[in-house]
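Observations on the model geometry
Spelled out, the chains give:
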Amino acid sequence: MNTAGVRAQAEIRARADGRGGTALPVLESRGPLALRRTRGSGATAHVVLVGAMSGPHGGDHFTVRADVGPGARLRVGSAAATLALPGQHGGQARQDVRITVAAGGELHWLPEPLISVTGSELAVHTHVDLAPGARLVLREELVLGRTGEDPGRLTSRLTVRVDGRPVLDQELDCGPGAEGGWDGPAVLGGHRAVGQLVVCDPEFEDKPVAPGVPAEGLAVLPLTGPAVLVGAVAPDALRLRRLLDRAPASFAPATSASA
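What comes next concerns the included structure. (Residues numbered from 1 in each chain as written. Predicted model: local features only at pLDDT ≥ 70, side-chain atom pairs only at ≥ 80, totals over all residues. Heavy atoms only, no water.)

On to the overall build of the protein chain, then. Helix and strand counts for the protein chain come out as two helices and 18 strands. Here the C-alpha radius of gyration of the protein chain, 18 Å, is about what a compact globule of 259 residues would show, namely 18 Å. Overall, the protein chain is about 50 × 45 × 30 Å in size when its C-alpha atoms are taken along their principal axes. Scored against the burial criterion, the 259 residues of the protein chain give a buried share of 45%. Taking the intrachain contacts of the protein chain between residues at least 6 apart in sequence as the baseline, contacts between residues at least 24 apart amount to 71%. Accessible surface, the protein chain as shown: approximately 12500 Å² in total, 51% of it carbon and sulfur. In the protein chain, 26 positive and 27 negative side-chain charges are present, and the distance between their average locations comes to 6 Å. (Helix = DSSP H or I, 4+ residues; strand = E, 2+ residues; numbered from the N terminus. Rg over C-alpha atoms; globule rule 2.2 N^0.38 Å. Buried < 20%, exposed > 50% of the residue type's maximum accessible area, 1.4 Å probe, protein only. Contact = heavy atoms within 4.5 Å. Areas by Shrake-Rupley, 256 points an atom, 1.4 Å probe, with all protein chains shown as cover. Lys, Arg positive; Asp, Glu negative; His and termini not counted. Charge placed at Lys NZ, Arg CZ, Asp CG, Glu CD.)

This is the structure we're talking about:
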């Protein structure tokens, strides 16, 4: 097994500052990952993840951690799309994202798309732990290949737990070497962009969301927790973003759906 590659880490800790805002006592990044605080809005702190170098390349291992305390509000984005690239020495790249949100905390995790380039091999695992009463909006967008090229191998796993109980644990494996059927009608149906939006909100306890298909390529699935999973497929990244952006407006209460 080839161990050549870059190790990079980034960590964010958000805490209520006692004055109605959010402080960032820890904002650290090493290697080709860089965190930058930007102008926030209201009580929410804004952070942008900037790739100081291209990648991840084959053999690289990137780790990003975000911890949101009680009453803190954090919004995390990225400056540009991430390109998964083949490495000089080959091998699989890894990207781990570990998120914790305390009761009363709120996190909007909204990175730009991840693009799987021909010849690359990347495994991504996003692991989220929420306390009861925490709020989360998490978006993941995957694009299989740049314009006119085939994708690399891309494996993405998303795990969400609320109060220690799993509410979502799913994996998507695409590209050369993946098991047959990933591009078939039961999975991507020939589309090149796939994404999901996970929304966790205590208000769903009293106002559950009904399952539905509000638009072609878009599906809404209520989870326990309380949480909602939105899945979408599209021909390209632009149309995928439009579908995911419109999803929350399509949430309908389960009571009205069954009336």
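The rest of the description comes next.
A few words on the sheet that holds strand S8 (residues 93–101). Taking strand neighbours across the sheet as the criterion, the seven strands line up as S2-S1-S5-S8-S11-S13-S14 in an open arrangement whose pairing is mixed. Edge positions in the sheet fall to strand S2 (22–30) and strand S14 (165–174), since each has one partner strand and no second. Looking at each pair of strands side by side, their axes are set apart by 5° on average, direction ignored. With nine bridges connecting them, S8 and strand S11 (residues 121–130) associate as parallel partners. Paired with Val101 across the two strands is Leu130, which belongs to S11. (Pairing = 2+ DSSP bridges. Axes fitted to C-alpha atoms, helices over the stretch in contact; angles between N-to-C directions.)

The nonpolar side chains of a soluble globular protein tend to be buried with one another. Counting 36 residues, the largest nonpolar core has Leu74, Ile99, Leu107, Trp109 and Leu130 as the members making the most contacts within it. Residues contacting Leu74, with those up to four places away along its chain left out, are Ile12, Ala14, Leu24, Thr44, Ala45, Val47, Val68, Glu106, Leu107 and His108. Of all hydrophobic cores here, the second largest spans 18 residues; its members include Leu197, Val228, Ala234 and Leu240. (Core = buried A, V, L, I, M, F, W, Y, C linked by side-chain atoms within 4.5 Å.)

What follows concerns helix H1 (residues 237–246). The set of residues buried in H1 consists of Leu240, Arg241, Leu243 and Leu244. All buried residues of H1 fall inside an arc of 160° around its axis, so they share one side. With respect to the buried face of H1, the exposed residues turned more than 90 degrees away are Leu238, Arg242 and Asp245. Turning to H1, the residues buried within the fold contact strand S12 (135–144), strand S15 (193–200), strand S16 (212–215), strand S17 (218–223) and strand S18 (227–234). Measuring from the side-chain oxygen of the N-cap residue of H1 to the backbone nitrogen of Leu238 gives 3.3 Å; that N-cap residue is Asp236. (Arc of directions from axis to C-beta. Polar contact = N/O pair within 3.5 Å; in protein donor to acceptor, adjacent residues only side chain to side chain.)

On to the pairing of strand S6 (residues 73–78), then. The side chains of a regular strand alternate between both faces of the sheet. Two elements, strand S4 (residues 44–51) and S6, share six bridges in a ladder whose sense is parallel. Counterpart to Val47 in the pairing with S6 is Val76. As paired strands, S6 and strand S9 (residues 106–110) are joined by five bridges and run parallel to one another. Counted as the bridge partner of Arg73 is Glu106 from S9.

Moving on: the side chain of Glu141. Tracing the sequence through the fold places Glu141 in strand S12. By relative accessible area, Glu141 is classed as buried at 3%. A polar atom in the side chain of Glu141 sits 2.7 Å from the side chain of Arg241. Beyond its immediate sequence surroundings of up to four residues, Glu141 is in contact with Pro111, Glu112, Pro113, Leu114, Val194, Gly195, Leu240, Arg241 and Leu244.

Moving on, we get to the environment of Glu112. Of note, Glu112 is situated in the loop between S9 and strand S10 (114–116). Under the relative-accessibility criterion, Glu112 is labelled partly exposed at 29%. With 93 residues separating them in the primary sequence, Glu112 and Arg19 have C-alpha atoms 31 Å apart. Those residues in contact with Glu112, other than ones at most four positions away along the chain, are Ser78, Ala80, Ala81, Arg139, Glu141 and Arg241. Of note is the side chain of Glu112, whose polar atom sits 3.3 Å from the side chain of Arg241.

For the rest of this paragraph, the subject is the pattern of salt bridges. Evaluated as defined, the whole model comprises 16 salt bridges. Note that Asp67 and Arg15 form a salt bridge whose closest N and O atoms lie 2.5 Å from each other. Of this pair, Asp67 sits in strand S5 (residues 61–68) while Arg15 sits in strand S1 (residues 7–16), and the two are 52 residues apart along the sequence. Its relative accessible area of 25% is what places Asp67 among the partly exposed residues. Residue classification places Arg15 among the partly exposed positions, given a relative accessible area of 30%. Here Asp201 ties to Arg135 by a salt bridge, and the two come within 3.4 Å at their closest N and O atoms. Residue Asp201 is found in the loop between S15 and S16, and its partner Arg135 is found in strand S12; the two are separated by 66 residues along the sequence. By sharing partners, the salt bridges in this structure join Glu112, Arg139, Glu141 and Arg241 into a single network. (Salt bridge = Lys/Arg side-chain N within 4 Å of Asp/Glu carboxyl O.)

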